[in-house]
Amino acid sequence: MYRYASFVLFLAFGIAVQRSNGTEVTVKDDNDNICLYAKLMVNFTVSYEVAGNTSATGMFELPVDVSTNGSTCKNTSSTLKLNFGPGHSWSVNFTANGKMYHADTITLSYNLSDATIFPNSASNDTKVVTAETQITNVGIDTCYSCRSVDTIAGKSVNQTLWNVLIQAFVSNNSTSENITSCAADVPVTTVAPTTRPTTAAPVTNSSTTAPTPTTTPTPTLPTPATGRYDVKPDQNSTACLIAEFGLRIGVKNVEMNFEPNGTTSSGSCGVDSSQLVLVSNAVTITLTFLNDTKKFHLHALNVTGKTSSGVAFSEANTNLSLWEAAVGSSYMCNKEQNYTITGLLTLYTFDLRVQPFGVNKGVFSTAHECSLDDTSVLIPIIVGAALAGLILIVVIAYVIGRRKTYVGYQTL
């Protein structure tokens, strides 16, 4: 079966290159008719083993340049397979049942011998992981659409999909204009509260003044709950990364508290880098820490999800230098801190304590306190201010004494 793939061009401005439309492909059958169409964006985070029985993290995205070799189209089943790089592939299996179809599984195959993505890998094997999807109840003659961010978290692989548009069973050589939207894209409708009518008082004046409209102030969010998160190499091991904090996320002029209840934590622990991935119902947060042999710091932060009004977002910064402390210690800041991560994303932390390297027996080591918590910094300031005040009092008393003595001499 002979197939073709078409790809979306991307724009480059200076040295900054950003894929704007994602990966777009069409699969054709033996009669040269389109039988499957897909346009989507996917990011991958993979934990893999390096020398010394430690782990590292590889991060990559589904590129624009892919092939569809291995894709198939049948009456009741189809497979989209995208091949890229040296031995990597990503595929989705679809099954039709009458007037509806759904996706069965997503399969990622990644080649650990690719040193560009997996440097210093202890293995050159090709790994295969499968995951279930949320693509269900799609009309047979419609395109499945999901612009919202969907993170599929696994033991060693996290996959983040967004801007997805797929029609797995194309008929008449033409994609459908009808859309089946994912649940995350469907706007939430709220019913306006009803009020009991009141009897109007009799009017005694010929002219009346309309009441001044009142506005309800935006409620202040409570302090977010503190959650404890950890990363373990396996179920029988103690934690190699531990973190405690309360989080508030400000994105697109909307603030929301991150809810630790129901949140799952995963990640990886390496010699040079460690990663913590937090997945809640609404938000996925990926924190990447780097170790420069003497100190560690938060190097990258990726936050994806949707606001309470259903607006999807994905913001990231991979050039941070936050929460710095000596390797083997923890970083702590109990006071509220806020960080501008991107132009649209602000992060607020409360009761923060993290240790991504050198964790012993699953407990925090000695903490490096932030300047807001370190009261020892205030002591020399207070002492200096007291001495300055004392010197000023002595100078003033001396000047007053000199003036009195001078006036006394003049009188004599």
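Residues numbered from 1 in each chain as written. Predicted model: local features only at pLDDT ≥ 70, side-chain atom pairs only at ≥ 80, totals over all residues. Heavy atoms only, no water.

You'll find the protein entered in an unreviewed UniProt entry as Lysosomal-associated membrane protein 2, with Gasterosteus aculeatus aculeatus given as the organism. Quoted verbatim from the Sequence similarities (unreviewed entry) heading of the UniProt record, the comment on the protein is "Belongs to the LAMP family." (UniProt positions renumbered as here; feature names shortened; annotations may be inferred.)

Let us look at the overall build of the protein. Each helix and strand in the protein was counted, giving one helix and 28 strands. A fraction of 53% describes how many contacts in the protein between residues 6 or more apart in sequence connect residues 24 or more apart. (Helix = DSSP H or I, 4+ residues; strand = E, 2+ residues; numbered from the N terminus. Contact = heavy atoms within 4.5 Å.)

Below, the discussion takes up empty space enclosed by the protein. Taken as a whole and assessed by the stated rule, the structure comprises one cavity of 30 Å³ or more. Approximately 70 Å³ is the volume found for the largest cavity. Considering the residues around the largest cavity, the lining is formed by 14 residues, among which Thr45, Ser47, Ser156, Asn158 and Gly267 are closest to the centre. Its residues assigned to classes, the lining of the largest cavity shows three nonpolar, 10 polar and one charged. (1 Å grid on protein atoms, 1.4 Å probe; cavity = no way out; pocket = protein on both sides within 12 Å on 5 of 7 lines; lining within 4 Å. Points joined across faces, edges and corners; volume = space filled by probe spheres on them. Nonpolar A, V, L, I, M, F, W, Y, C, P; charged D, E, K, R; others polar.)

This part takes up the pattern of salt bridges. Proximity of charged atoms lets side chains of opposite charge pair with each other. Using the criterion set out here, one finds two salt bridges in the structure. We note a salt bridge from Glu244 to Arg228, for which the minimum N-O separation is 3.0 Å. One end of the pair, Glu244, is in strand β17 (residues 241–251); the other, Arg228, is in strand β16 (residues 227–231), with 16 residues separating them in the sequence. For Lys295, the salt bridge identified is with Glu324, shortest N-O distance 3.7 Å. One end of the pair, Lys295, is in strand β22 (residues 295–306); the other, Glu324, is in strand β24 (residues 322–326), and 29 residues separate them in sequence. (Salt bridge = Lys/Arg side-chain N within 4 Å of Asp/Glu carboxyl O.)

This part is about a nonpolar patch on the surface. Among the surface-exposed residues, Val383, Leu387, Leu390 and Val394 lie close enough to one another that they form a single nonpolar patch of about 370 Å² accessible area. Mapped onto the secondary structure, Val383 falls in helix α1 (residues 378–411). (Patch = residues over 30% accessible without salt bridge, like charges linked within 9 Å, V, L, I, M, F, W, Y side chains within 5 Å. Areas by Shrake-Rupley, 256 points an atom, 1.4 Å probe, with all protein chains shown as cover.)

Another point: the side chain of Asn111. By the element assignment, Asn111 lies in strand β9 (residues 100–111). Given a relative accessible area of 12%, Asn111 falls into the buried group. Among the polar contacts listed, one links the side chain of Asn111 to the backbone oxygen of Pro86, at a separation of 2.8 Å. In this structure the side chain of Asn111 is engaged in a polar contact, spanning 2.7 Å, whose partner is the side chain of Ser113. (Buried < 20%, exposed > 50% of the residue type's maximum accessible area, 1.4 Å probe, protein only. Polar contact = N/O pair within 3.5 Å; in protein donor to acceptor, adjacent residues only side chain to side chain.)

Right, let's talk about the environment of Leu82 for a bit. Looking at the element boundaries, Leu82 is found in strand β7 (residues 77–84). Leu82 gets classed as buried once you look at its relative accessible area, which sits at 0%. Sequence spacing of Leu82 and Ser67 is 15 residues, and the spatial spacing of their C-alpha atoms is 5.6 Å.

Cysteine pairs can be linked by a disulfide, which is a covalent bond between their two sulfur atoms. Per the stated rule, a full pass over the model turns up four disulfides. Here Cys35 connects covalently by a disulfide to Cys73, the sulfurs 2.0 Å from one another. Between Cys35 and Cys73 the disulfide shows an S-S torsion of about 70°. By sign, it is right-handed. In this pair, Cys35 is assigned in strand β4 (residues 34–50) and Cys73 in strand β6 (residues 72–73), connecting sequence segments 38 residues apart. Covalent S-S linkage joins Cys333 and Cys370, the inter-sulfur distance amounting to 2.0 Å. (Disulfide = S-S within 2.5 Å.)

What follows covers the nonpolar core. Membership of the largest hydrophobic core comes to 44 residues, with the highest contact counts inside it found for Trp90 and Phe94. Taken together, the elements giving at least two residues each to this core come down to β3 (23–28), β4, β5 (54–61), β7, β8 (88–97), β9, β12 (143–146) and β14 (157–167). The element contributing the most residues to this core is β4, with nine residues. Residues contacting Phe94, with those up to four places away along its chain left out, are Thr76, Ser77, Ser78, Leu80, Tyr101, His102, Ala103, Asp104, Ile166, Ala168 and Phe169. By size, the runner-up hydrophobic cluster in this structure holds 37 residues, among which are Ile249, Leu298, Leu320 and Ile341. (Core = buried A, V, L, I, M, F, W, Y, C linked by side-chain atoms within 4.5 Å.)

A few words on the environment of Ser265. Structurally, Ser265 can be placed in strand β19 (residues 264–269). A sequence separation of 13 residues divides Ser265 from Leu278, and the C-alpha atoms of the two residues are 4.7 Å apart. Excluding residues that lie within four positions of it along the chain, Ser265 makes contacts with Tyr229, Asp230, Leu276, Val277 and Leu278.

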